Amino acid sequence: MTPLFPALTDAPADRPAVRFGERSLTYGELAAAAGATAGRIRDARRVAVWATPTMETAVAVVAALLAGVPAVPLNPKSGEKELGHILSDSAPGLVLTAPDDQLPAPVRDLPRLDVDVHGTGPAPADAADAADESAPALIVYTSGTTGPPKGAVIPRRAIASTLDALADAWQWTGDDVLVHGLPLFHVHGLVLGTLGPLRRGGSLRHLGRFTTQGVARELNSGATMLFGVPTMYHRIAEAVTGDPELVKALTGARLLVSGSAALPVHDHGRIATATGRRVIERYGMTETLMNTSVRADGEARPGTVGVPLPGVELRLVEDDGSEVTAYDGETVGEIQVRGPNLFTEYLNRPDATTAAFTADGWFRTGDMAVRDLDGYVRIVGRKATDLIKSGGYKIGAGEIENALLEHPGVREAAVTGEPDADLGERIVAWIVPADPGSPPALEELADHVAQRLAPHKRPRVVHHLDALPRNDMGKIMKRALAHG
């Protein structure tokens, strides 16, 4: 198998590779530091990485991949119970961390290796060059919304195929400089945001902590691409009208990419109006890495996640498993995918692995979508929490949320279903009003939605909240709403 990071040996040694705050490494320095660390862990069966947004995390993961040792990124914000589950399940032999990190129980019980970002070791001949492309590269734990987190085993081929498919879709090259402030325990910030630039021979500038000022500074000083999640782009949309430096930065960027959850249409609109630039969206998940994207040379259509990436097969299916053949923008089906981008198994969970795939090898994503006439995919929600069956219709919560967000009195919105004796389920809107002193009434919101979508998609109940519950990646935690 070809190396994951050919630039570590092929790029000029003084070419910028990664920067975190004021600290930076060239390709020569990264190769030396990762080579030194790789040499120290080469005999390990598996390693954990204390995945803070720091240079040490980037060096540690690159070193593990060079050594052919599976890495388990740990979320530093996880509680002891969750960390205990992950460590007992994955059984890493040691934890890689920054020298000054204070580790909580039970992580501190592991043998510890402090990563020296200025270390020097032999040239990192990729020990996994000869490895099977299906060899495990990362074990990334899912969010555990339906039980204890499961470890998705991501093979080397999935990382390579996803990053190469995105290079095709986004015209991503070694000349690109990526800026983001994403966490590094998740595939968005780690695989796309850190390994992505390194596979291309480009560079990463990590903000440490996301700020609109940091985005403006980096994009105005040579960065070409920005990755973010909807909460970040929402903050950009709020700030952009009064910040000429931010407007200049976004206008000059080559590519603005949002992912991990749907970006509300009204935030798309506010950014486009202020800058003339469109944010593009892509769709993936821990188990599949990336499945679809709006292409750099395609139409940046708000509310869609574009078309399947090269090498990825995608289909929509009905509840009975029959395929949805309509490209009408209305017929809802569950997304199933197949391709080299998929994980190989849930660690120690053969039952869950078997249940996740169809008999003919398609992965059941649990995401519901429709397809437009030209093949663009529009996700309407999760099967478990966002598919509402009301009055004989299958309705996706996502399109109702976008419609609600177009109402001037709505700042944030989430939509769920609840049992209804007549309809089966009725549509419930959870609203954070723009003006808490004068929240929009149910009738006003129902009419607003009915005019934009269809009468059967209007909310029947509305709750006003101070804020919506969200996880670290900015996704709304609907189970907390439904059971709140």
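Quick caveat: nothing in here was measured; it's all calculated off a predicted structure. (Residues numbered from 1 in each chain as written. Predicted model: local features only at pLDDT ≥ 70, side-chain atom pairs only at ≥ 80, totals over all residues. Heavy atoms only, no water.)

A. Local environment of the nonpolar core. Grouped together as the largest cluster of nonpolar side chains are 112 residues, with contacts concentrated most on Leu138, Ile159 and Trp170. When residues in this core are grouped by element, the largest group, 11 residues, is from helix 3 (residues 55-67). Aside from chain neighbours lying at most four places away, what touches Trp170 is Leu192, Met225, Phe227, Arg254, Leu255, Val257, Ile280, Arg282, Ser293, Val294 and Ala296. Counting residues in hydrophobic clusters, the runner-up holds 16 residues, among them Ile400, Ala429, Leu445 and Val449. (Core = buried A, V, L, I, M, F, W, Y, C linked by side-chain atoms within 4.5 Å. Buried < 20%, exposed > 50% of the residue type's maximum accessible area, 1.4 Å probe, protein only. Helix = DSSP H or I, 4+ residues; strand = E, 2+ residues; numbered from the N terminus. Contact = heavy atoms within 4.5 Å.)

B. Just the pairing of strand 22 (residues 393-396), in detail. Across 4 bridges, the pairing between strand 21 (residues 387-390) and strand 22 is antiparallel. Looking across to strand 22, one finds that Leu387 is bridged to Gly396. Counting the residues between successive antiparallel strands, the hairpin from strand 21 to strand 22 contains 2 residues, one of them, Gly391, with a positive phi of roughly 60°. (Pairing = 2+ DSSP bridges.)

C. Fine view of the packing of aromatic side chains. Counted by the stated rule, this structure contains 7 aromatic pairs. A ring pair is formed by Trp172 and Phe227, whose centres lie 5.8 Å apart and whose planes are at 80°; its orientation type is edge-to-face. Taken together, the residues span a long stretch of sequence, with Trp172 in the loop between helix 5 (156-170) and strand 9 (177-180) and Phe227 in strand 11 (residues 225-228) at a distance of 55 residues. Ring pairing ties together the aromatic residues Phe343, Tyr346, Phe357 and Phe363, which thus form one cluster. The side chain of Arg301 reaches across the aromatic face of Tyr376, ending 4.1 Å from its centre. (Phe/Tyr/Trp six-rings, centres within 6.5 Å; stacked < 30°, edge-to-face > 60°. Lys NZ or Arg CZ within 6 Å of the ring centre and 35° of its normal.)

D. Local environment of the packing of helix 3 against helix 6 (residues 187-200). It is the contact of helix 3 with helix 6, at a shortest axis distance of 11 Å, that shows an interaxial angle of 70°. With respect to each other, helix 3 and helix 6 are oriented roughly perpendicular. Taken together, the residues of helix 6 that come into contact with helix 3 (itself represented by Ala58, Val61, Val62 and Leu65) are Leu190, Thr194, Leu195 and Leu198. Residues of the contact of helix 3 with helix 6, tallied by class, amount to 7 nonpolar, 1 polar and no charged. (Axes fitted to C-alpha atoms, helices over the stretch in contact; angles between N-to-C directions. Parallel < 35°, antiparallel > 145°, perpendicular 65-115°, else oblique. Nonpolar A, V, L, I, M, F, W, Y, C, P; charged D, E, K, R; others polar.)

E. Highlighting the packing of helix 5 against helix 6. It is at 10 Å that the axes of helix 5 and helix 6 come closest, and there the two elements cross at 75°. In terms of axis orientation, helix 5 runs roughly perpendicular to helix 6. Where helix 5 abuts helix 6, its residues Ile159, Ala160, Thr162, Leu163, Asp164, Leu166, Ala167 and Trp170 lie against Val191, Leu192, Leu195, Gly196, Arg199 and Arg200.

F. Spotlight on unusual backbone geometry. Between Ala105 and Pro106 the backbone carries a cis peptide bond, its omega angle lying at 0°. Within the secondary structure layout, Pro106 lies in the loop between strand 5 (94-97) and strand 6 (112-114). At Ala91, a position not held by glycine, the phi torsion is positive, near 50°. Note on placement: Ala91 falls in the loop between helix 4 (80-90) and strand 5. For Ala91, a relative accessible area of 40% corresponds to the partly exposed category. At Leu289, a residue that is not glycine, the phi angle is positive and equals roughly 50°. By the secondary structure assignment, Leu289 is in strand 14 (residues 289-293).

G. The arrangement of the sheet that holds strand 2 (residues 23-26) in detail. In space, the 9 strands of this open sheet follow the order 2-1-10-9-11-12-13-14-15, with mixed pairing throughout. Of all the strands in the sheet, just strand 2 and strand 15 (307-308) have a single pairing partner and so form its edges. Of the strand pairs in this sheet, strand 13 (residues 280-285) and strand 14 are connected by 4 bridges, and their pairing is antiparallel. Note that in strand 14 the partner of Met285 across the bridge is Leu289. Sheet contacts for helix 6: strand 1 (16-20), strand 9, strand 10 (203-206), strand 11, strand 13 and strand 14; angle to strand 9, the most-contacted strand, approximately 160°.

Geometry only, nothing functional implied.
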